[in-house]
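Residue strings, one per chain:
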Amino acid sequence: MTAARSGSRAFRTNDTPLLAGLLLLVAGLFVTSLMVGAVPLSPATVVTALAGQGSEAARIIVVEIRAPRAILALLIGGTLGLSGAALQGLLRNPLAAPSLFGAPSAAAFGAVSVIALGIVDALSFALPLAAIAGALLSVGLLLLVAGRNASLLILILAGLAISSLAGAGTSLALNLAPNPFAALEIAFWLLGSLEDRSLRHVVIALPFMIIGVVLLMWDRRAFRALTLGEEAASSLGFDLNAVRIRVVAGVAAAVGAGVAVAGTIGFVGLVAPHLVRPFVGHDPARVVVPAALSGAALLLAADVAVRIIPAQTEIKVGVLTALIGAPFFIWLIMRRRYDLAGGSQ
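Residues numbered from 1 in each chain as written. Predicted model: local features only at pLDDT ≥ 70, side-chain atom pairs only at ≥ 80, totals over all residues. Heavy atoms only, no water.

Draft legend 1. Structural view of the overall build of the protein. The secondary structure content of the protein amounts to 16 helices and zero strands. Taken over the C-alpha trace, the protein has a radius of gyration of 20 Å; the compact-globule value for 345 residues is 20 Å, and the two agree within 12%. Principal-axis analysis of the C-alpha atoms gives the protein an extent of 60 × 50 × 35 Å. When burial is assessed residue by residue, the protein has 51% of its 345 residues classed as buried. Working note: accessible area of the protein is about 15,800 Å², and carbon and sulfur atoms make up 69% of it. (Helix = DSSP H or I, 4+ residues; strand = E, 2+ residues; numbered from the N terminus. Rg over C-alpha atoms; globule rule 2.2 N^0.38 Å. Buried < 20%, exposed > 50% of the residue type's maximum accessible area, 1.4 Å probe, protein only. Areas by Shrake-Rupley, 256 points an atom, 1.4 Å probe, with all protein chains shown as cover.)

Draft legend 2. Here's a closer look at the side chain of Ser-113. When you line up the elements, Ser-113 lands in helix α5 (residues 103-116). At 2.6 Å, the side chain of Ser-113 and the backbone oxygen of Phe-109 are in polar contact. (Polar contact = N/O pair within 3.5 Å; in protein donor to acceptor, adjacent residues only side chain to side chain.)

Draft legend 3. Spotlight on the pattern of salt bridges. Applying the stated criterion across every chain, the model contains eight salt bridges. Among the ionic pairs, Arg-69 bridges to Glu-314, the shortest N-O distance being 2.4 Å. Residue Arg-69 is located in helix α4 (residues 56-91), and its partner Glu-314 is located in the loop between α14 (288-308) and α15 (317-335); the two are separated by 245 residues in the primary sequence. Its relative accessible area of 7% is what places Arg-69 among the buried residues. The partner of Asp-283 in a salt bridge is Arg-224, and the shortest N-O contact between them spans 2.9 Å. Of this pair, Asp-283 sits in the loop between α13 (268-276) and α14 while Arg-224 is found in helix α10 (residues 220-226), placing the two residues 59 residues apart along the sequence. Connected through shared salt-bridge partners, Arg-69, Asp-303, Arg-307 and Glu-314 make up one network. (Salt bridge = Lys/Arg side-chain N within 4 Å of Asp/Glu carboxyl O.)

Draft legend 4. Representation of the packing of aromatic side chains. Throughout the structure, instances matching the rule amount to one aromatic pair. On the numbers, 5.7 Å between centres and 45 degrees between planes, the contact of Phe-328 with Trp-331 is tilted. One end of the pair is Phe-328 and the other is Trp-331, both in helix α15 and three residues apart, which spans about a single turn. (Phe/Tyr/Trp six-rings, centres within 6.5 Å; stacked < 30°, edge-to-face > 60°.)

Draft legend 5. Summary view of the nonpolar core. The biggest cluster of nonpolar side chains holds 94 residues, and the ones touching the most others in it are Ile-76, Phe-101, Val-247, Ile-265 and Leu-270. When residues in this core are grouped by element, the largest group, 14 residues, is from α4. (Core = buried A, V, L, I, M, F, W, Y, C linked by side-chain atoms within 4.5 Å.)

Draft legend 6. Up close: a nonpolar patch on the surface. A surface patch of nonpolar side chains, about 560 Å² in accessible area, is lined by Leu-184, Phe-188, Leu-191, Val-319, Leu-323 and Ile-324. Every element with two or more residues in the nonpolar patch is listed here: α8 (180-190) and α15. Sort the elements by how many residues they give to the nonpolar patch and α15 lands first, with three residues. Phe-188 gets classed as partly exposed once you look at its relative accessible area, which sits at 45%. (Patch = residues over 30% accessible without salt bridge, like charges linked within 9 Å, V, L, I, M, F, W, Y side chains within 5 Å.)

Draft legend 7. Seen up close, the environment of Trp-189. Within the secondary structure, Trp-189 is located in helix α8. Take Trp-189: its relative accessible area is 14%, and that puts it in the buried class. Sequence separation between Trp-189 and Ser-234 is 45 residues; the distance between their C-alpha atoms is 43 Å. Excluding residues that lie within four positions of it along the chain, Trp-189 makes contacts with Ala-108, Ala-111, Val-112, Arg-197, Val-259, Ala-260, Val-261, Ala-262, Gly-263 and Thr-264. (Contact = heavy atoms within 4.5 Å.)

See the structure below:
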């Protein structure tokens, strides 16, 4: 109890400047997202439109077109950052992330399968359920295949195999699409994009994301105990089997809901925790909330960037996050290559 109280005090005092700075960054990027587009708007015009005043054209652009997109970027980026921090805490591996373990690919397979087979459409409330089922299967399969004390190499190989299997399943679903237009739509959707999203997409994803956030936040103190080892964590009163189930379910709900409305957006869950970890003393319990805010800021910034980068057509945000995240992942592997090889530096 004493340790828990001291950890809570540390969270409140030491992390306040970091959290305040991240909140300001997210708020600034959110407003910027409402300003940037084919029709640039001033901050005053955005505020006026949000208040229901000003010209009708500005209100439509801000409220009906850009606000849902910005809200989804905030929600999806935040849940991806939170999922990455939770997986890294649970597995005690800095390379753990939903995208590396096949969760987004498996969620996409679940969603694409029901769309290609004509079971549901892209705006159905059943779509997140199919995506969540795919993500749940992938993370559960990873824990089953890799085992409790898997090395980084085993985790990466297992994640690669699961992601490849999910990709093959998605290709099969594309082959079974009812017509070429549906297959093309699915292919573009898989690239990951927040373009042309509406408040209906927010309503579809939000309930499942809330469930995922609650489950992932529930066990943040267990992540700190796990740094001492599983036996020590168990002796401190943590039910590790229950912790694993909640984390797996939380990642599946959060990632599945995001994939269902925006397609596959990778590497945010890997990068976000690493950006804030040095500021919280590498404490896995304290990194959870800052990682969520960092993930929201990353995806908001990426979504703003795809709108201002000169191109004939808008670059998909999933493509941009992969272009940034893949080199970061390579850099992380180079830093930990001795661990991956089973040696020591």
